[in-house]
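Geometric and topological summary
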Amino acid sequence: LGASGLSIDSHTILYGVIGDPVRHSRSPLMLNRAFQEKDINGIYAAFHVTAEGLGDFVRGVRAMGVGGVNVTIPHKLGVMEWLDEIDPAARAIGAVNTIVNRGGRLVGYNTDGIGYVRSLKEEAEPELSGKRIVVIGAGGAARGIVYALIGEGPASIAIVNRTADRAHSLADDFREKFPALQADSYDALPGLCSEADIVINTTSVGMYPNTEQSPVDAAWLKSGAVASDLIYNPMKTLFLTEAEARGCRIHGGLGMFIYQGAYAFEYWTGEDAPVAAMRETVLTSLQ
Ligand code: ATR
């Protein structure tokens, strides 16, 4: 086995991603490249698993000694009941996106939030401490991101959601850990954005094919603030295009995808992920 190509033998360890649907996933390309780059005898496949099949799938992982699994929509919540152990951060977030097989014991982690924060720090804003942050959206992705951002010591985090109740319930879940956590309705967005150092879109507003939509009017943003969008299709959403024209620094969603996979790779193999090669593979596949 080597960087020159893939060879499968009786020592090869299987990894994969489960989702429904899953055929659009770029994870197999990205993780197989990582295994090749680091000369690790592993291969990574995509498994289309339905909610009814989750329990059988997890038993199969244990029986076959599958090394690790990424979990995507809609199984991040449902898979938790089948695992042997849930990492405390994943438990607090309420979702698992990475399973690690430790000698037959299956442990669930969440690398979405830490993947996002690592990408934000490396690609847009190295210092998050003392920053005023606005998070738009209160779904599963927002939960992971808010949890990881709290660990960076920002001055404040305001969560704004179309359905304000969901923003309040997310804020209530984490307020003990971080008192400067605030929840509001969309009406508060212009005022909050005008004071924010970082504005993060975690909703699907602006995602292909609805690329003419943006969750924010760029006129609300401070010039020099960071505008960040979890969407990576398109790589530059209308929100980011307008924010850039307004003089903001922009940060797209591709980095979060790459770093959530990089953390999974590191948990599985104990080695540093070859991030540059992973990024190159995903970029090529998107062109
Ligand atoms: P994810 O795991 O990607 O976060 P989710 O849990 O379904 O997915 O959450 C989707 C988020 O996008 C929610 O915050 C949702 O707002 P609601 O809670 O009000 O549904 C938000 N969202 C989706 N479509 C939206 C739209 N057209 N306008 C505003 N917000 C939208």
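Analysis parameters
Residues numbered from 1 in each chain as written. Predicted model: local features only at pLDDT ≥ 70, side-chain atom pairs only at ≥ 80, totals over all residues. Domains from an automatic or database assignment. Contact = placed C-beta atoms within 7 Å. Helix = DSSP H or I, 4+ residues; strand = E, 2+ residues; numbered from the N terminus. Pairing = 2+ DSSP bridges. UniProt positions renumbered as here; feature names shortened; annotations may be inferred. Buried ≥ 20, exposed ≤ 12 C-beta atoms within 10 Å, placed from the backbone. Core = buried A, V, L, I, M, F, W, Y, C linked by C-beta atoms within 7 Å. Near = placed C-beta within 6 Å. Nonpolar A, V, L, I, M, F, W, Y, C, P; charged D, E, K, R; others polar. Arc of directions from axis to C-beta.

1. Observations regarding the domain arrangement of the chain
Domains assigned within the chain are domain 1 (13–110 + 256–286) and domain 2 (113–252). Domain 1 puts twelve residues into the contact, and the matching count from domain 2 is twelve residues. When contributions to the side of domain 1 that touches domain 2 are tallied by element, the ones reaching two or more residues are helix H3 (88–93) and helix H9 (254–269). Here the side of domain 1 that touches domain 2 gets five residues from one element, more than from any other, and that element is H9.

2. Here we look at the sheet that holds strand E1 (residues 13–19)
Read from one edge to the other, the open sheet built from six strands follows the order E2-E1-E3-E5-E6-E4, with strand pairing classed as mixed. Looking at strand neighbours, the two that pair on one side only are strand E2 (42–48) and strand E4 (85–86), the edges of this open sheet. With three bridges joining them, strand E3 (residues 68–71) and strand E5 (residues 98–102) adopt antiparallel strand pairing. Across the sheet, the residue bridging to Gly 68 is Val 100, located in E5.

3. Focus: the UniProt feature "binding site: shikimate" (unreviewed entry) in the chain
Following the UniProt record, the feature "binding site: shikimate" (unreviewed entry) maps to Ser 25, Arg 26, Ser 27, Thr 72, Asn 97, Asp 112, Tyr 232 and Gln 260 here. One can find Ser 25 in the loop between E1 and helix H1 (27–37). Among the residues examined, Ser 25 registers 17 C-beta atoms within 10 Å and is labelled partly exposed. With respect to the secondary-structure elements, Gln 260 resides in helix H9. Given 24 C-beta atoms within 10 Å, Gln 260 falls into the buried group. Contacts of Gln 260, omitting those with residues within four sequence positions, involve Asn 97, Thr 111, Asp 112 and Gly 115.

4. Section: the nonpolar core
With 87 residues, the main nonpolar core has Val 134, Val 135, Val 146, Ile 159 and Val 199 as its most contacted residues. Counting the residues that make up this core, at least three belong to each of domain 1 (13–110 + 256–286) and domain 2 (113–252). The residues touching Val 134, leaving out its near neighbours within four places in the chain, are Ala 158, Val 160, Leu 192, Cys 193, Ala 196, Val 199 and Ile 200.

5. Some thoughts on the site of the ligand
Close to the ligand lie 14 residues; Gly 139, Gly 140, Arg 162, Thr 163 and Thr 203 are nearest. Here the shell around the ligand gets three residues from one element, more than from any other, and that element is helix H5 (residues 140–150). The residue makeup of the shell around the ligand, split by class, is four nonpolar, eight polar and two charged.

6. Here's the deal with the pairing of E5
Pairing of E5 with strand E6 (residues 105–109) involves five bridges; the strand directions are antiparallel. Bridging across to E6, Val 100 finds its partner in Val 107. Linking E5 to E6, which pair antiparallel, is a turn of two residues; within it Gly 103 sits at a positive phi near 55°.

7. Focus on the environment of Tyr 263
Of note, Tyr 263 is situated in helix H9. Of the residues examined, Tyr 263 has 20 C-beta atoms within 10 Å and is grouped as buried. Considered as a pair, Tyr 263 and Val 61 are 202 residues apart in the sequence and their alpha carbons are 20 Å apart. Not counting the four nearest positions on each side in its chain, Tyr 263 is found in contact with Thr 111, Ile 114 and Gly 115.

8. Things to note about helix H6 (residues 164–174)
Looking at H6, one finds that the buried residues are Ala 167, Leu 170 and Ala 171. Buried positions in H6, seen along its axis, are confined to an arc of 95° and lie on one side of it. Looking at H6, the residues exposed on the side facing more than 90 degrees away from the buried face are Asp 165 and Asp 172. Tucked inside the fold, the buried residues of H6 contact H5, strand E8 (156–160) and strand E9 (181–184).

9. What to know about the pairing of E3
On any regular strand, side chains alternate: one points to one face of the sheet, the next to the other face. Covered by surrounding structure in E3 are Gly 68 and Asn 70 together with Val 69 and Val 71, the residues of both alternating faces. Where E1 and E3 come together, four bridges link them in parallel fashion. Looking across to E3, one finds that Ile 18 is bridged to Val 71.

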